Structures are given as C-alpha cells and as structure tokens.
Amino acid sequence: MNWPKVIIRTSYRQARNLIKIMSGRQLMTPGLVSMTLDRDDIQLVKSILQNKSDWYDRTAVQKYEADFAHWNGSQYAYSFMAGRVALTACIQALGLMPGDEVILPGYTCVAVPNAFHFSGIKTVYCDIELDTYGLDASQIEQAITPKTRAILLHHLYGLVCRDYDAILSIARKHGLRVIEDCAHATGAKYRGINVGNRGDVAFYSSEQSKIFNTIQGGIAITNNAELANKIKEFYDNASYPDEAWIEKHLYNFTLNYLQNKHPQRWLLWDIAESLYGDKRLISTTKDEEMGICPEYYGRKMPAAIAIVANNQLKKIDSFNEVRRMTARRWDSWSERRGYKKPVVISDSVPVYLRYPLMVEQRSKQDTSRLKKELGVSIGVWFISNVHPAPAIVQGCPNADEAVRRCINLPCLLE
Ligand SMILES: *Cc1c(COP(=O)(O)O)cnc(C)c1O
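Quick caveat: nothing in here was measured; it's all calculated off a predicted structure.

This part covers the sheet that holds strand 4 (residues 122-126). Spatially, 7 strands are ordered 1-10-9-6-5-2-4 in an open sheet, and the strand pairing comes out mixed. For this open sheet the edge positions go to strand 1 (76-80) and strand 4, each flanked by a neighbour on one side alone. Put simply, the sheet's adjacent strands are angled 20° from each other on average, direction ignored. Note: strand 6 (residues 177-181) against strand 9 (residues 201-205), 3 bridges, orientation parallel. Looking across to strand 9, one finds that Ile179 is bridged to Val201. Here helix 4 (residues 83-93) sits on the sheet in contact with strand 1, strand 5 (148-154), strand 6, strand 9 and strand 10 (218-222), set at roughly 170° to strand 9.

Take empty space enclosed by the protein next. Scanning the model with the defined rule gives 1 cavity of 30 Å³ or more in all. Each pocket or cavity is described by its volume, and for the largest cavity that value is around 40 Å³. Tallied by class, the residues present in the lining of the largest cavity amount to 6 nonpolar, 2 polar and 2 charged.

This part takes up the site of the ligand. Residues in close proximity to the ligand total 14 residues, the closest being Gly83, Arg84, His184, Ser205 and Lys210. In this structure, a nitrogen atom belonging to the ligand sits 2.7 Å away from a side-chain N or O atom of Asp181. Contacts to the ligand include Lys210, whose side-chain N or O atom sits 3.1 Å from an oxygen atom. Expressed as a share of its isolated accessible area of 380 Å², the protein-covered part of the ligand is 95%. Of all the elements in the fold, those that place two or more residues in the shell around the ligand are helix 4 and strand 9. Split by residue class, the shell around the ligand holds 6 nonpolar, 4 polar and 4 charged.

Size it by volume and the second largest pocket reaches roughly 330 Å³. Along its surface, the second largest pocket is lined by Arg16, Ile19, Lys20, Arg25, Gln26, Thr29, Ser368, Lys371, Lys372 and Gly375. When contributions to the lining of the second largest pocket are tallied by element, the ones reaching two or more residues are helix 1 (3-22) and helix 14 (368-374).

This part is about a positive patch on the surface. A grouping of Arg16, Arg25, Lys371 and Lys372 is seen on the molecular surface, where their side chains present a positively charged patch. Note on placement: Lys372 falls in helix 14.

Moving on, we get to the nonpolar core. Nonpolar side chains in soluble globular proteins tend to be buried together. Phe80, Leu87, Tyr107, Phe116, Tyr133 and Phe253 are the most contacted members of the largest nonpolar core, which totals 128 residues. For Tyr107, the contacting residues outside a window of four places in its chain are Ile128, Tyr133, His154, Leu156, Tyr157, Trp381, Phe382, Asn385, Ala399, Ala402, Val403 and Cys406.

Considered for burial, the residues of helix 15 (residues 397-405) that qualify are Ala399, Ala402 and Val403. Looking straight down helix 15, one finds its buried side chains confined to an arc of 100°; they lie on one side. On its buried side, helix 15 packs onto strand 12 (354-358), helix 13 (361-365) and strand 14 (406-410).

Another point: a nonpolar patch on the surface. Together, Leu18, Ile21 and Met22 line one region of the surface with nonpolar side chains, adding up to about 340 Å² of accessible area. Counting through the fold element by element, Ile21 comes out in helix 1. By relative accessible area, which is 48% here, Ile21 ends up partly exposed.

Between its first and last C-alpha, helix 7 (residues 225-237) extends 19 Å over 13 residues, near the 18 Å set by a 1.5 Å rise per residue. All buried positions along helix 7 are accounted for by Leu227, Ala228, Ile231, Phe234 and Tyr235. Looking down the long axis of helix 7, one finds its buried residues gathered within 120° of arc, a one-sided arrangement. In helix 7, those exposed residues whose orientation departs by more than 90 degrees from the buried face are Glu226, Asn229, Glu233 and Asn237. The backbone nitrogen of Glu226 lies 2.8 Å from a side-chain oxygen of the residue at the head of helix 7, namely Asn224.

Inspection of the entire model under this criterion finds 18 aromatic pairs. Relative to Tyr240, the ring of Tyr56 lies with its centre 5.5 Å away and its plane at 50°, an arrangement referred to as tilted. Pair noted here: Tyr56 is in the loop between helix 2 (39-50) and helix 3 (58-72) and Tyr240 is in the loop between helix 7 and helix 8 (243-260), with a separation of 184 residues, a long-range link. Accessibility expressed as a relative area gives 32% for Tyr56, which makes it partly exposed. With relative accessibility at 23%, the residue Tyr240 sits in the partly exposed group. Between Tyr352 and Tyr355 the ring centres are 5.9 Å apart and the planes differ by 20°, which places this aromatic pair in the stacked class. We classify Tyr352 as buried; its relative accessible area is 6%. Of the residues examined, Tyr355 reaches a relative accessible area of 0% and is grouped as buried.

Another point: the environment of Lys20. Tracing the sequence through the fold places Lys20 in helix 1. Accessibility expressed as a relative area gives 17% for Lys20, which makes it buried. Along the backbone, Lys20 and Asn72 are 52 residues apart, and their C-alpha atoms lie at a distance of 44 Å.

Among the structural elements, Ile407 can be located in strand 14. Each C-alpha atom, one on Ile407 and one on Arg354, is 9.3 Å from the other, the two residues being 53 residues apart in sequence. If near-sequence neighbours (up to four positions away) are discounted, Ile407 is found in contact with Tyr355, Pro356, Leu357, Val359, Lys364, Leu370, Ile378 and Gly379.

Procedures and definitions
Residues numbered from 1 in each chain as written. Predicted model: local features only at pLDDT ≥ 70, side-chain atom pairs only at ≥ 80, totals over all residues. Heavy atoms only, no water. Pairing = 2+ DSSP bridges. Helix = DSSP H or I, 4+ residues; strand = E, 2+ residues; numbered from the N terminus. Axes fitted to C-alpha atoms, helices over the stretch in contact; angles between N-to-C directions. Contact = heavy atoms within 4.5 Å. 1 Å grid on protein atoms, 1.4 Å probe; cavity = no way out; pocket = protein on both sides within 12 Å on 5 of 7 lines; lining within 4 Å. Points joined across faces, edges and corners; volume = space filled by probe spheres on them. Nonpolar A, V, L, I, M, F, W, Y, C, P; charged D, E, K, R; others polar. Near = heavy atom within 4 Å. Polar contact = N/O pair within 3.5 Å; in protein donor to acceptor, adjacent residues only side chain to side chain. Areas by Shrake-Rupley, 256 points an atom, 1.4 Å probe, with all protein chains shown as cover. Patch = residues over 30% accessible without salt bridge, like charges linked within 9 Å, V, L, I, M, F, W, Y side chains within 5 Å. Salt bridge = Lys/Arg side-chain N within 4 Å of Asp/Glu carboxyl O. Lys, Arg positive; Asp, Glu negative; His and termini not counted. Charge placed at Lys NZ, Arg CZ, Asp CG, Glu CD. Core = buried A, V, L, I, M, F, W, Y, C linked by side-chain atoms within 4.5 Å. Buried < 20%, exposed > 50% of the residue type's maximum accessible area, 1.4 Å probe, protein only. Arc of directions from axis to C-beta. Expected span 1.5 Å × (residues − 1). Phe/Tyr/Trp six-rings, centres within 6.5 Å; stacked < 30°, edge-to-face > 60°.

Written as structure tokens, this is what we have:
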C-alpha cells in the first residue's frame, strides 16, 4: 500500500470536512448509488467470508432463485453474475442465431447490445418516447425485416414503459419474441403484475447502481417451461467464479457500505479505500465498453453472493416505497420549475431507480448549479445512446434529445 499517498489524501479530505462542519454545510452530498446495503448485509458477508466451504452450496442458490421467482410472481428464475449474463441466457434460450436481428431502444446501456453482438446477433435501434423513455411503439413496425426475431423493451429508471401493451401486441402480430430489460425496474408493477412477466423472458440486475445490490449480479426469469429448460441448459454449462474472485467480491460489499451508507462514512470511506481499495470490482471495463467480450463473462451466481442477494430481496419493497416518496418531492419541485414530470402510466406502480428529468442542455453539461440548488448529486445517465460507450445510433431523434437533456435525481437519500 502507498501509505504516504493514503495519508495525504485522508488529511486533505478530512481538512475539507472540517471546513464543511465549521461553515455549517452538509458533510456528504446524497449520492446516486443505490444505498440498499445495511449493517445486517455486512454482518452476513462477514460470516460468509468465514465459511468458505459453503460458497458453492447449490441449495442456497436454489433458495434465492425460488424466493425471487415467488416474490416476482414468476415460474422460473436462474441467477447469474450480471444482468447482461442473464440476458445472454435469454438470448440462447430463445434460440436466436447469428444473422438474426433484434429491435431494441436507441437509448440503452452498452451491456445490452454487447450481449447480442457476443452471440452474433444484429441490433437494430428504434426510437424511444419521451414520456417514460421506453420504445416508441409507432416506430417499431418500420424496423421489422424478414430477419427480425425479437424485440427488447425496457422499463427505464423504474418507470413502466408507456407502450408496454402496444409493443407486446406488435410482437404477437409479427410472431416476434419479447425480452424485457427490467434492470432498472425490479418490483415495478403493471395491472398488479411485476414487470418482466408479460414478455417471453426477462432479466433483472443487482449491480451496485440498481434497485437491489449484490455489487454485481443478475437474474433471468420466464413463465414458459420450454424456455426455462433452455435457460437451464445455459445455466448448467456456465461456471461459477473462482474463490479468489468471490473473496474479492465479498470485500466489495464492505467497501460499498463504508463508502455509501455507514453513518460515519465521511471518515470510514478513506479508511476502507486504503484497506480494500485494490479489491474494487469494475462492472464494465473499457474493453467491454468497446465491444470486447471479457474473459470473465458468462458466470453464474454462487451461494456466497446469492445469500446476500436473498437478504437484499427482502428489502426491495420497502426501499422502493422510499423511492416513491422521494419522487413525490421531485414531482413538486419539477412542477414549480415548469419541467415535465416523468409519466406514470395508468394502472402502473413505478419504482424510481432514479428520477429522470429533461432539463436544458447546458444544465446537463454542467450540473453544478442544480447540485447546489437541490443538495444532491445529479446523474447524467445516459451520456450516449449506448451508455457510456461512444456509438453512432441513427434515426432516433428522441433518444438523441434525451442524451442531450435527460438528467436524473437520486431517490434513496438516506
Ligand atoms: C445495468 C443495466 C443492464 C445490465 O445489467 P448488469 O447487471 O450491469 O449486467 C442492462 N440494461 C440496463 C438498462 C441497465 O441499466
């Protein structure tokens, strides 16, 4: 460890904290990460670290999968080390082949098109609407070709997408499969049913910026027995991360908690960074952003992580309730400021992973004024059409506008 560097950084930051205290300013700006890890999760992690022999216990994983499926109202669930891997399982289960085409929103996370490209499938981008940032149903049919096999829809920021019904009926009309990207929307409901259950397959993410947090992780669901068998085939062929990876991963829980949630994080963060900083995992490497498949791709979730996932699962509903309460505060602020609020479609319950808002382009380019006014960190997802990778997506003017002007506000403040 580079002690001189650690000491200099810690002294500098604590001097700044002292100035903040003396001038009566808040110590920490509420951040954008999903602060859903609590002391009990960290206790659990400690005991897992001491019980190495249970790290690959299949029954603990099955319990998480069964509990998730039950909570989500789904028949089958399979857990992986990332949402993008769960998506890959869905792609394989649907039997999509090299040369096939899939339609997806021109406003997405780079991990999504990558999953298709890694399987040799061509991605065709379609524009979004600016009410809920979902696929615009009126743009889909013109993108369908004889090679189109599937549509991927998403529920971004935790909002149930405006054209949910319409997209499903277009897919039915053209004999296309539907994949639901629920990475932002775990627990969101439409007509009393959790999103993800109306397409053929769906995936959820428990990456550390999402609704629930296992640092990295994802889960695929379906209600179709035949597709479930195919997901299971992929699952059975996938391997677990090795012990060294799992150990590193487990330290990331503590790191995340001390950085984002612990009441004394203004001090403990520095200490945690010095102790465990070298263990930090990166969700998307630069290479992966550029479309290179990492060696470490395609793993399934071992018990060591699934046990924490299951503990997080129990808290999703109460955290989502807090998110909705915070969103009401952003609603009234938006109204006062004359900004258009995100649309909550009728008979839907959103989960507000983040609160999206279209502001002037200059406020997205320089968020400092808004940060000062609101006292929270300002999110800039998505900074490109396939966030965060630079990529050219054509013919999606609404998506382009959202890239220029859509910011997001945190909904879990403490
Ligand atoms: C994060 C994200 C994913 C991928 O989830 P991972 O668990 O990070 O692989 C997919 N779609 C969207 C919209 C996301 O934000």
